[in-house]
There are 2 protein chains.
Amino acid sequence: MRSLSDRIEKYLKVLIERSENEEVEIQRIELAETFRCAPSQITYVLATRFTASEGFITESKRGGGGFIKIRKFPLDENSVKTGISETQAENTLQDLKNSGFLTGREAFLLREILGREVLDPASDESDYVRFKILHKVMKLIKEMEGQWDVL
Amino acid sequence: MRSLSDRIEKYLKVLIERSENEEVEIQRIELAETFRCAPSQITYVLATRFTASEGFITESKRGGGGFIKIRKFPLDENSVKTGISETQAENTLQDLKNSGFLTGREAFLLREILGREVLDPASDESDYVRFKILHKVMKLIKEMEGQWDVL
DNA sequence: TAAGTAAAGGTCAAAGAAGGTCAAAGGAGA
DNA sequence: TCTCCTTTGACCTTCTTTGACCTTTACTTA
């Protein structure tokens, strides 16, 4: 018998799969009501099944009109071929910062590196380099998993 | 479900987009009536979504015939092509100073750097350099968000 | 012209509406 | 039984919305 967490996980992954852009936006309370559980249960599922090492980014806002957004990393074979634009790179960095995987300064530095001043914005070559750099960053996040200080 | 603030923000941004000169002028009470909310709600939206670090400047006047004017910084892709004149640069610096994002000395220094003695006023190349410098400044303001001292 | 009034916008604190955290209790399998 | 994963609930933090009260500006009137 699968647990509640498993069912919520499955439910969210189906939503993401069916989405156009590999992401889904929910309201914690609403989802909790749907599954008739405590809101913190949703937080738990996110924390255990939608981690960066699983390839997910989550973003949220509190207060009125609050939400939780779950997004899958753009790190599939497709991205390797098409590359990543400056804007996509910035969005990803923003996500990583918001999720606490990068500090403000780290994100800042990377943004500068990936920016137009360094990489010609109108070049496919640049997009590919951008992808390679970001891919490395993601890999580091995955592998280090909270042990950055060992560097 | 998006919040009232989100809807008002969207509304104003559409107005700005449709305008000729990237600015819009409204009356607080009128807009509040349109959205059936307290006038201070409008002030809140301005304070949270139309900040300088978001690329906006607001200006207002009280009393009879009062108004609120919202302007977008001239720092979009278009500016990249056309560059920024010395006068435009000065206006932007003035705005940044008035909004409290730059101190008097900082604005002064930048004004000197961007001025005619350093950058030939009759050169497209200069306009482009001016844009790049200002853009960097804005970016720093945005990224550092009150944490300049960490550098 | 000085004083008063009406018509704006500004401020700020409190209430409301989300999501976050964490420790403790509950369960399932080794 | 012991351990590890789930589930819950009390309490916290952040963002939104409102309303009472303040300040500024334009207009009117003695």
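Residues numbered from 1 in each chain as written. Chains lettered and ligands numbered in written order. Predicted model: local features only at pLDDT ≥ 70, side-chain atom pairs only at ≥ 80, totals over all residues. Heavy atoms only, no water.

A. Spatial organisation of the pattern of salt bridges. Residues and elements named next belong to chain A. Applying the stated rule across the entire model yields 8 salt bridges over all chains. One salt bridge connects Arg-49 with Asp-6, and the closest N-O pair in it is separated by 2.5 Å. Of this pair, Arg-49 sits in helix 3 (residues 39-49) while Asp-6 is found in helix 1 (residues 4-18), placing the two residues 43 residues apart along the sequence. Of the residues examined, Arg-49 reaches a relative accessible area of 17% and is grouped as buried. Of the residues examined, Asp-6 reaches a relative accessible area of 24% and is grouped as partly exposed. Between Lys-13 and Glu-9 there is a salt bridge, with the nearest N and O atoms lying 2.8 Å from each other. Linking Lys-13 with Glu-9, this pair stays in helix 1, spanning 4 residues, or about one helical turn. Among the ionic contacts, a cluster of salt bridges with common partners joins Asp-6, Glu-9, Lys-13 and Arg-49. (Salt bridge = Lys/Arg side-chain N within 4 Å of Asp/Glu carboxyl O. Helix = DSSP H or I, 4+ residues; strand = E, 2+ residues; numbered from the N terminus. Buried < 20%, exposed > 50% of the residue type's maximum accessible area, 1.4 Å probe, protein only.)

B. Representation of the sheet that holds strand 3 (residues 67-72) of chain B within the structure. Residue and element names in this part refer to chain B. Ordered in space as 1-3-2, the 3 strands form an open sheet in which the pairing is antiparallel. The open sheet terminates on both sides in strands that have one partner only, identified here as strand 1 (23-26) and strand 2 (56-61). Direction aside, the axes of adjacent strands within the sheet are offset by 15 degrees on average. Two strands pair when backbone bridges link them, and strand 1 and strand 3 are joined in this way by 4 bridges, in the antiparallel orientation. Residue pairing for strand 3: Glu-25 is matched across the bridge by Lys-69. Where helix 1 (residues 4-18) meets the sheet, its contacts fall on strand 1, strand 2 and strand 3, and the angle it forms with strand 1 comes to roughly 125 degrees. (Pairing = 2+ DSSP bridges. Axes fitted to C-alpha atoms, helices over the stretch in contact; angles between N-to-C directions. Contact = heavy atoms within 4.5 Å.)

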